[in-house]
Amino acid sequence: MKLSSRLKKIVDFTDKCGVVADIGTDHALVPVYLIENGFYKKAYACDIRPLPLKRAEKYILSRNLSDKITTILTNGLQNVPDDTDTVVIAGMGGEMIIDILLSDTTHHSATFVLQPMTAVDSLREFLYKNGYQILDEDIVAEQQGRKLYSVIKTKKTDLLKDYSAIDVLLSPALQRKKSAEKELYIKKLIYTRSKILENINKSKIHDENYINMITDEMNLLKECL
Ligand SMILES: C[S@@+](CC[C@H](N)C(=O)[O-])C[C@H]1O[C@@H](n2cnc3c(N)ncnc32)[C@H](O)[C@@H]1O
């Protein structure tokens, strides 16, 4: 089975040991890949909606993996057993991922692989503020760079570390990396901010604090190129 670059990076970031839970599994592509390749002994394929879970069940059955992959109808991590070593939460909004992490009380020693579709900055800031350490982060490009995805590997430590404005835009792990995808990502962040400033200039409402914040962010990002 061949995975997309986004799903492949998610797989690369997993610890490949013990039990994995995929939250918002939809077709169960990730757990099936992880089990078929012998990376985990057991997997939970979880979704909040019955229809995607049926899709997952059908696919798991077609690959003869029902003895190793259990499907669970659940909101986030609520009904996920606590023998889980790795949690994957991918393909949903950053705010939804934050909600799932906030309402979880039983998987604090797991490694989390997160792939937010939106609000990546909010998710990074949430992780810093809540004692999660970002162990790794990478940018994946699909559709010739038209789609860029951040993939984050994190673990809860309960140690609160200082972080700065640039760490919210690019985690320290990502700052240390050099790749064409990362460069594209930074350029996209700069472009978005230049458009915001352009629109503010055209409008009659001028919030100096907001303008300064956006300008500062642009300057910080330019230094990372
Ligand atoms: C776009 S799909 C992503 C599928 C796969 N994880 C991926 O990255 O390609 C999002 C899935 O998350 C599920 N989902 C959304 N909110 C959820 C929640 N709170 N708990 C569990 N699943 C959720 C949806 O039902 C949907 O099947």
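Just above sits the structure.
Below: a short report on this structure. From a predicted model like this one, the values you see are computed outputs, not experimental measurements. (Residues numbered from 1 in each chain as written. Predicted model: local features only at pLDDT ≥ 70, side-chain atom pairs only at ≥ 80, totals over all residues. Heavy atoms only, no water.)

### Comments concerning the overall build of the protein chain
Step number 1: The helix and strand tally for the protein chain stands at nine helices and seven strands.
Step number 2: Taken over C-alpha atoms, the radius of gyration comes to 19 Å for the protein chain, in line with the 17 Å a tight globule of 225 residues would show.
Step number 3: Overall, the protein chain is about 60 × 40 × 35 Å in size when its C-alpha atoms are taken along their principal axes.
Step number 4: Each of the 225 residues in the protein chain was classed as buried or not, and the buried ones make up 47%.
Step number 5: Residue pairs in contact within the protein chain that sit at least 24 positions apart in sequence constitute 67% of those at least 6 positions apart.
Step number 6: Accessible area of the protein chain: about 11800 Å², with a carbon and sulfur share of 52%.
Step number 7: Each charge class in the protein chain can be summarised by its mean position, and for the 32 positive and 31 negative side chains these summaries are 6 Å apart. (Helix = DSSP H or I, 4+ residues; strand = E, 2+ residues; numbered from the N terminus. Rg over C-alpha atoms; globule rule 2.2 N^0.38 Å. Buried < 20%, exposed > 50% of the residue type's maximum accessible area, 1.4 Å probe, protein only. Contact = heavy atoms within 4.5 Å. Areas by Shrake-Rupley, 256 points an atom, 1.4 Å probe, with all protein chains shown as cover. Lys, Arg positive; Asp, Glu negative; His and termini not counted. Charge placed at Lys NZ, Arg CZ, Asp CG, Glu CD.)

### Comments concerning helix 4 (residues 94-102)
Step number 1: Of the positions making up helix 4, those classed as buried are Gly 94, Ile 97, Ile 98, Ile 100 and Leu 101. Angularly, the buried residues of helix 4 cover 160 degrees about the axis, an arc narrow enough to put them on a single face.
Step number 2: Those residues of helix 4 hidden inside the fold are in contact with strand 1 (19-23), strand 4 (86-92), strand 5 (111-116), helix 5 (120-129) and strand 6 (132-142). (Arc of directions from axis to C-beta.)

### A look at the packing of helix 4 against helix 5
Step number 1: Relative to each other, helix 4 and helix 5 sit at 25 degrees, their axes nearing to 8 Å. As summarised for this structure, helix 4 and helix 5 are arranged roughly parallel, according to the angle between their axes. Judged by the twist between their axes, the crossing of helix 4 over helix 5 is right-handed. Between helix 4 and helix 5, the residues in contact are Gly 94, Glu 95, Ile 97, Ile 98, Leu 101 and Leu 102 and Ser 122, Leu 123, Phe 126 and Leu 127, respectively.
Step number 2: Grouping the constituent residues of the contact of helix 4 with helix 5 by class yields seven nonpolar, two polar and one charged. (Axes fitted to C-alpha atoms, helices over the stretch in contact; angles between N-to-C directions. Parallel < 35°, antiparallel > 145°, perpendicular 65-115°, else oblique. Left-handed = near helix turned anticlockwise from the far one by under 90°. Nonpolar A, V, L, I, M, F, W, Y, C, P; charged D, E, K, R; others polar.)

### Digging into the site of the ligand
Step number 1: What surrounds the ligand is a group of 17 residues, the closest being Arg 6, Gly 24, Asp 47, Asn 75 and Gly 76.
Step number 2: Within the contact set of the ligand, a nitrogen atom lies 2.7 Å away from a backbone nitrogen or oxygen of Gly 24.
Step number 3: At 2.8 Å from a nitrogen atom of the ligand is found a main-chain nitrogen or oxygen belonging to Gly 76.
Step number 4: Among the secondary structure elements, those contributing two or more residues to the shell around the ligand are helix 1 (5-13), strand 4 and helix 4.
Step number 5: Considering each element in turn, the shell around the ligand owes the most residues, three residues, to strand 4.
Step number 6: Partitioned by chemical class, the residues of the shell around the ligand number eight nonpolar, five polar and four charged. (Near = heavy atom within 4 Å. Polar contact = N/O pair within 3.5 Å; in protein donor to acceptor, adjacent residues only side chain to side chain.)

### Digging into the state of the cysteines
Step number 1: For the coordinates displayed, the defined rule picks out zero disulfides.
Step number 2: The cysteine Cys 46 is free of any disulfide, with Cys 17 supplying the nearest cysteine sulfur at 19 Å.
Step number 3: Judged by relative accessible area, which is 0%, Cys 46 ranks as buried. (Disulfide = S-S within 2.5 Å.)

Nothing here speaks to function; it is geometry throughout.
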